[in-house]
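What follows is each chain in one-letter form.
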Amino acid sequence: MPAVDVLQNEREASGKPIRVGMVGAGNMAQTIANQLLTPAPGIRLVAIANRTLAKAGNVFENAGAKATRQVGSEAELEAAIAAGVPAITTDPMLLTRSGAVDVVLEATGTVEFAAAVAVSAIENKKHVVLANAELDSTLGPILRQRATAAGVVISNMDGDEPGVAMNLLRYARSIGLTPVAAGNLKGMLDPYRTPETQREFAEKFGQTPKIVCSFADGTKMAMEGVILANSSGFRVGKRGMHGPKCAHVNEIAARLPLEQLLDGGLVDFALGAAPHTGAWIVFHEPNPAKRKTLAYLKLGEGPLYVLYTPYHLPHIQIASTIARAALIDDPTTAPLGPPTAEVVTVAKRDLKAGEVLDGVGGFATYGLIDNADAFQAENLLSMGLSEGARLLRDIPKDQAIGLADVELPAGRLCDKLRAEQLAAFPAGKSRPALSAASAQLASP
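*Asks:* In this structure, what is going on with the overall build of the chain? I would like to understand it.
*Replies:* For the chain, the count of helices and strands is 18 helices and 15 strands. In terms of overall dimensions, the chain is globule-like: its C-alpha atoms have a radius of gyration of 22 Å, near the 22 Å expected for 444 residues. Principal-axis analysis of the C-alpha atoms places the extent of the chain at approximately 60 × 60 × 45 Å. Sorting the 444 residues of the chain into buried and exposed places 55% on the buried side. For the chain, long-range pairs separated by at least 24 residues make up 75% of all intrachain contacts whose partners lie at least 6 apart in sequence. Carbon together with sulfur atoms contributes 54% to the accessible area of the chain, which is approximately 17,800 Å² in total. In the chain, 42 side chains carry a positive charge and 45 a negative one; their mean positions are 2 Å apart.

What follows is the structure, given as structure tokens:
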């Protein structure tokens, strides 16, 4: 099979590009539209669905589209796409059902709403690309199982740290290296940040305070860690990861416990490390002759070595995920099977019975990654399911919240999918840690 870039150019030359329908019109959606309307060879953003129609139109307009067409039926959508006119709608299911859309790009950052979009897209045999760590970290394994059964791909995007790390990891494995850790770089971490403390920064960069808060309080990093753990088979060394402070990412190999690195591998992060962006892996090389060559090539004395990518550009690199999904059925990230890790919901302050949790990036809770077996043993509440949950008892600051501590909103699809995920991968059946040898062979 030709390489992906060759296939993209063939699609471009034939006038049959991959047609992408995007759901969401926030800041991330805008940056993605700016790039896809460049456009990338063989890829076209043909439609945007958003609950506020004007915002969908603004995204296209700000990205340089001269005109848009409002559509309210599949026939109207397909006519607009055939005419080369960007379509906007308030109904995301038009995109998931339409034969004129090849890939559905979910960019809302929601769980309940996005779950419905993903399920519909999969049922209609559409590839799904997620700019949505919230959904993937909560329901990724069951959505991957459903997608595989339907013969389509669901993947988190290249350019987000899990995708960048997985590209490095898979490349290392493909050339005979033995990765034993992978992760990202974190500039600062304060689990007690709130939307109010992050408001000024958020407004400066056109983002919402809750989204920025989820970055600062570590919740988004925990979700990204789950995606990476589920895709690599690596576990975490402790709840919340080790997160050693490093002046440079090259130090990370010496700052993680050797016994854990060599016993299945770790997902973790380097705190404060240059180059301050991107992702990294650590690989292990016990062979003295090979280590001598690596020292000559300025990679160090070993036996642990660091490879890193000094950038992550989600809005640009997402085109690679779209192309790989549509052209060669290859996900950038994909759970290997049962959940390897989960995101624990933890009280950000003393919480009182009767309070309703405000979810990711809110005032009430933050998220910490933990191994799935520990999470299941304590019957904990997934951070992705926490929004709208009503507390049944007082919870002290920094205590993990269990399912028995809350009443979940009634009738949610995300809870039904979570139950399906648990039934498919029962407690005690979470993926075991991979040995270094078997990890080398694992791939999505």
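*Asks:* Mind showing me how you'd approach the sheet that holds strand β5 (residues 103-106) here?
*Replies:* The pairing of strands in a sheet comes from backbone hydrogen bonds and takes either a parallel or an antiparallel form. Across the sheet, 7 strands lie side by side as β3-β4-β2-β1-β5-β6-β7; this open sheet has parallel pairing. The sheet is open, and its two borders are formed by β3 (69-70) and β7 (154-156), each paired with just one other strand. With 4 bridges joining them, strand β1 (residues 18-23) and β5 adopt parallel strand pairing. For Met22, the partnering residue across the bridge sits in β5 and is Leu105.

*Asks:* Mind showing me how you'd approach the environment of Ala389 here?
*Replies:* Along the polypeptide, Ala389 turns up in the loop between α16 (372-377) and β14 (390-391). Along the sequence, Ala389 and Asp358 sit 31 residues apart, while their C-alpha atoms lie 8.1 Å from each other. The residues contacting Ala389, other than those within four sequence positions of it, are Glu355, Val356, Leu357, Val406, Glu407, Leu408 and Pro409.

*Asks:* Which parts of the structure should I look at to understand the pattern of salt bridges?
*Replies:* Where side chains of opposite charge bring their charged atoms close, a pairing between them can arise. What the rule picks out here adds up to 19 salt bridges. Put simply, Glu134 and Lys220 hold a salt bridge, and the shortest N to O gap is 3.5 Å. Note that Glu134 is positioned in helix α7 (residues 133-150) and Lys220 in helix α11 (residues 219-232), a separation of 86 residues in sequence. Of the residues examined, Glu134 reaches a relative accessible area of 8% and is grouped as buried. Here Lys348 ties to Asp217 by a salt bridge, and the two come within 2.8 Å at their closest N and O atoms. Linking Lys348 in the loop between β12 (341-347) and β13 (365-371) with Asp217 in the loop between α10 (209-216) and α11, this pair joins segments that are 131 residues apart in sequence. This pair shows no difference in class: Lys348 is buried, exactly as Asp217 is. Beyond isolated ion pairs, a larger network of salt bridges with shared partners links Arg170, Arg324 and Asp330.

Conventions used here
Residues numbered from 1 in each chain as written. Predicted model: local features only at pLDDT ≥ 70, side-chain atom pairs only at ≥ 80, totals over all residues. Heavy atoms only, no water. Helix = DSSP H or I, 4+ residues; strand = E, 2+ residues; numbered from the N terminus. Rg over C-alpha atoms; globule rule 2.2 N^0.38 Å. Buried < 20%, exposed > 50% of the residue type's maximum accessible area, 1.4 Å probe, protein only. Contact = heavy atoms within 4.5 Å. Areas by Shrake-Rupley, 256 points an atom, 1.4 Å probe, with all protein chains shown as cover. Lys, Arg positive; Asp, Glu negative; His and termini not counted. Charge placed at Lys NZ, Arg CZ, Asp CG, Glu CD. Pairing = 2+ DSSP bridges. Salt bridge = Lys/Arg side-chain N within 4 Å of Asp/Glu carboxyl O.

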